[in-house]
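The residues making up each chain are set out below.
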Amino acid sequence: VTLTADTSTAAPTDLTLTVSDGDGAPVTGARVVVFPEMAGMGASGSMQAEEQAPGTYIVANAPLTMPGPWEIAVRISPKGQPSSTVRFGVEVGSG
């Protein structure tokens, strides 16, 4: 799983998640839920990602609205398989 986002400025931003299996093949049709949380501030709720292309999921306008460190937890639930959670640390800029 990889996460791409423009975090140079504190503002709602799109999160792009690329999900692949152990062989590098795209994971399609999964339920992908994102939980953004600013350090010390608590979670800001969950957001469901939409699949835009095979293995590519987008969360539009994630509320990364304060500069500083954020943790983004991503729960991936492929069809017929157990869920897994991946965590990303990102730094949101003030500029």
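To start, this report covers the structure provided alongside it. Since we're looking at a predicted model, the values are computed, not measured. (Residues numbered from 1 in each chain as written. Predicted model: local features only at pLDDT ≥ 70, side-chain atom pairs only at ≥ 80, totals over all residues. Heavy atoms only, no water.)

Remarks on the pattern of salt bridges
Where charged atoms of side chains with opposite charge meet at close range, the side chains can pair.
Next up, step 1: Summed over the entire model, instances satisfying the criterion amount to one salt bridge.
Next up, step 2: Across the pair R87 and E71 runs a salt bridge, and its minimum N-O distance is 3.2 Å. Residue R87 is located in strand β9 (residues 84-92), and its partner E71 is located in strand β8 (residues 68-77); the two are separated by 16 residues in the primary sequence.
Next up, step 3: Assessed through its relative accessible area of 33%, E71 is described here as partly exposed. (Salt bridge = Lys/Arg side-chain N within 4 Å of Asp/Glu carboxyl O. Helix = DSSP H or I, 4+ residues; strand = E, 2+ residues; numbered from the N terminus. Buried < 20%, exposed > 50% of the residue type's maximum accessible area, 1.4 Å probe, protein only.)

Thoughts on the pairing of strand β3 (residues 31-38)
Next up, step 1: Here β3 runs beside β8; their pairing, made up of eight bridges, is antiparallel. Bridge pairing in β8 links E37 to E71.
Next up, step 2: The sheet contact formed by β3 and strand β5 (residues 47-48) spans two bridges and is antiparallel. Bridging from a neighbouring strand, V33 pairs with Q48 of β5. (Pairing = 2+ DSSP bridges.)

Digging into the pairing of strand β7 (residues 56-62)
Next up, step 1: Alignment of strand β2 (residues 13-18) against β7, held across five bridges, turns out to be antiparallel. Each bridged residue has a counterpart across the sheet, and for T13 the counterpart in β7 is A62.
Next up, step 2: Relative to β7, strand β6 (residues 50-53) is paired through three bridges, and the arrangement is antiparallel. Paired with A53 across the two strands is T56, which belongs to β7.
Next up, step 3: Linking β6 back to β7 in an antiparallel pair, the connection comprises two residues, with G55 at a positive phi of about 80°.

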